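As a plain string of letters, each chain reads:
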Amino acid sequence: MLLSPLSNVTAATSNAWSRPPASMAGASAMAKKGKKSPAPPSEAGTGWLEPRQYNSISNGLIKKLLTLAFDDKETVFTLPPTYAEVLQLAENWLHPPEGVTLSLRVPVEYASVQASRLVHGPYLWISNEETYQIAIDRLPAIRIEIVGDAPPPPDEPDEPEAPPP
């Protein structure tokens, strides 16, 4: 015979769905006895977050990550809030020669669900602030590929060069 999870509820509870189990009834029992429930940590001065802030990425408590990729090189930065800052970050990392145009694209696998629904190809091309905001919406991290005619960024030496004698 197959028993349901509610089979251990006593017969005194006529409707198990309307009442919390006895293990969760502590707050209501305290209220009936006239005792105050303990103050939330935010009111107690401990500096804890409010419940609505626990997984909040947009308020800056959790940093979003940006992976910039060009050719076979990659690097990780904190995600800037605007398209102009991302483009400048890419240019500072790549150091392209004068006159080279850079384009940014996001593989659909790394873009937000909303952006992926709008695209019918393998990439979401980022060309302005609007497409950038759609691409990063509700993501903790994103991969942006740089497309252009510039040579790859120079290798950073692992060891500093020895001074001349």
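Bear in mind that the values here come from a model prediction, so they are computed numbers and not experimental data. (Residues numbered from 1 in each chain as written. Predicted model: local features only at pLDDT ≥ 70, side-chain atom pairs only at ≥ 80, totals over all residues. Heavy atoms only, no water.)

**Quick word on the confidence of the model for the protein chain**
Operational definition: The pLDDT score gives, residue by residue, the confidence of the prediction method on a 0 to 100 scale. Contact between two residues is taken to exist if any of their heavy atoms lie within 4.5 Å; hydrogens are not considered.
Counting all residues, the mean pLDDT for the protein chain is 74, and 58% of those residues have values of 70 or more. Low confidence marks residues 7–16, where pLDDT is under 50. Its contacts with residues over four positions away, or in another chain, come to four contacts. The low-confidence segment residues 41–45 (pLDDT under 50) makes five contacts with residues lying over four places distant or belonging to another chain.

**Focus on helix α5 (residues 129–136)**
Note the cut-off: Only protein chains enter the accessibility calculation, which uses a 1.4 Å probe. A residue is then buried if its area is under 20% of the maximum for its type, exposed if over 50%, and partly exposed in between. Numbering of helices and strands runs from the N terminus, with a helix taken as a DSSP run of H or I at least four residues long and a strand as a DSSP run of E at least two residues long. The arc refers to the directions leading from the helix axis to the C-beta atoms. In protein, a polar contact requires one atom able to donate a hydrogen and another able to accept it; more generally it is a pair of N or O atoms within 3.5 Å, and residues adjacent in sequence count only if both atoms are side-chain atoms.
When α5 is considered as a whole, its buried residues turn out to be Tyr132, Ala135 and Ile136. The buried residues of α5 all sit within an arc of 85 degrees when viewed along its axis, so they share a single face. By the N-cap criterion, in which a side-chain oxygen at the helix start approaches the backbone nitrogen of a residue two or three places on, α5 is capped by Asn128, the distance to Glu130 being 3.2 Å. Downstream of α5 by a residue or two, Arg138 has a phi angle that is positive, lying close to 60 degrees.

**Here's the deal with the pattern of salt bridges**
Selection rule: Each salt bridge in this description consists of a side-chain nitrogen of Lys or Arg and a carboxyl oxygen of Asp or Glu lying within 4 Å of one another.
By the definition in use, this model includes four salt bridges. Ionic pairing is found between Glu74 and Arg143, a salt bridge with its closest N-O pair at 2.4 Å. Placement of Glu74 in strand β2 (residues 73–78) and of Arg143 in strand β5 (residues 141–148) is noted, with a sequence separation of 69 residues between them. Here Arg143 falls in the buried class, since its relative accessible area comes to 18%. Between Arg138 and Asp137 there is a salt bridge, with the nearest N and O atoms lying 4.0 Å from each other. With relative accessibility at 67%, the residue Arg138 sits in the exposed group. Here Asp137 falls in the partly exposed class, since its relative accessible area comes to 29%. Several salt bridges converge on common partners, so that one network encompasses Glu74, Arg105, Arg143 and Glu145.

**Considerations on the side chain of Glu145**
Mapped onto the elements of the fold, Glu145 is located in strand β5. Polar contacts involving the side chain of Glu145 include one to the side chain of Arg143, which spans 3.5 Å.

**Here's the deal with the pairing of strand β3 (residues 102–107)**
What counts is decided by this rule: Whether two strands pair comes down to DSSP finding at least two bridges between them.
The buried count for β3 comes to five of six residues, which makes it a mostly enclosed element. Sheet topology note: the β3/β5 ladder contains four bridges and is antiparallel. Of the residues in β5, the one forming a bridge with Arg105 is Glu145. In this structure, β3 lies alongside strand β4 (residues 123–126), joined through four bridges in antiparallel fashion. Bridge assignment links Pro107 to a residue of β4, and that residue is Tyr123.

**Focus: the environment of Ser103**
As for its placement among the helices and strands, Ser103 is situated in strand β3. In sequence terms Ser103 and Leu87 are 16 residues apart; their C-alpha atoms lie 8.6 Å from each other. Ignoring sequence-local partners within four residues, the contact set of Ser103 consists of Trp125, Glu145, Ile146 and Val147.

**With respect to the sheet that holds strand β1 (residues 65–70)**
The condition that has to hold: Note on definitions: angles span 0 to 180 degrees between N-to-C directions of axes, and those axes are lines fitted to C-alpha atoms, for helices only across the stretch in contact.
As summarised here, the arrangement of the five strands in space is β2-β1-β5-β3-β4, forming an open sheet in which the pairing is mixed. With partners counted over all chains shown, the strands left at the sheet margins are β2 and β4, one partner each. The mean inter-strand angle of the sheet, taken between neighbouring strand axes irrespective of direction, is 30 degrees. Running over the sheet, helix α3 (residues 83–94) touches β1, β2, β3, β4 and β5 and is turned about 50 degrees from β1.

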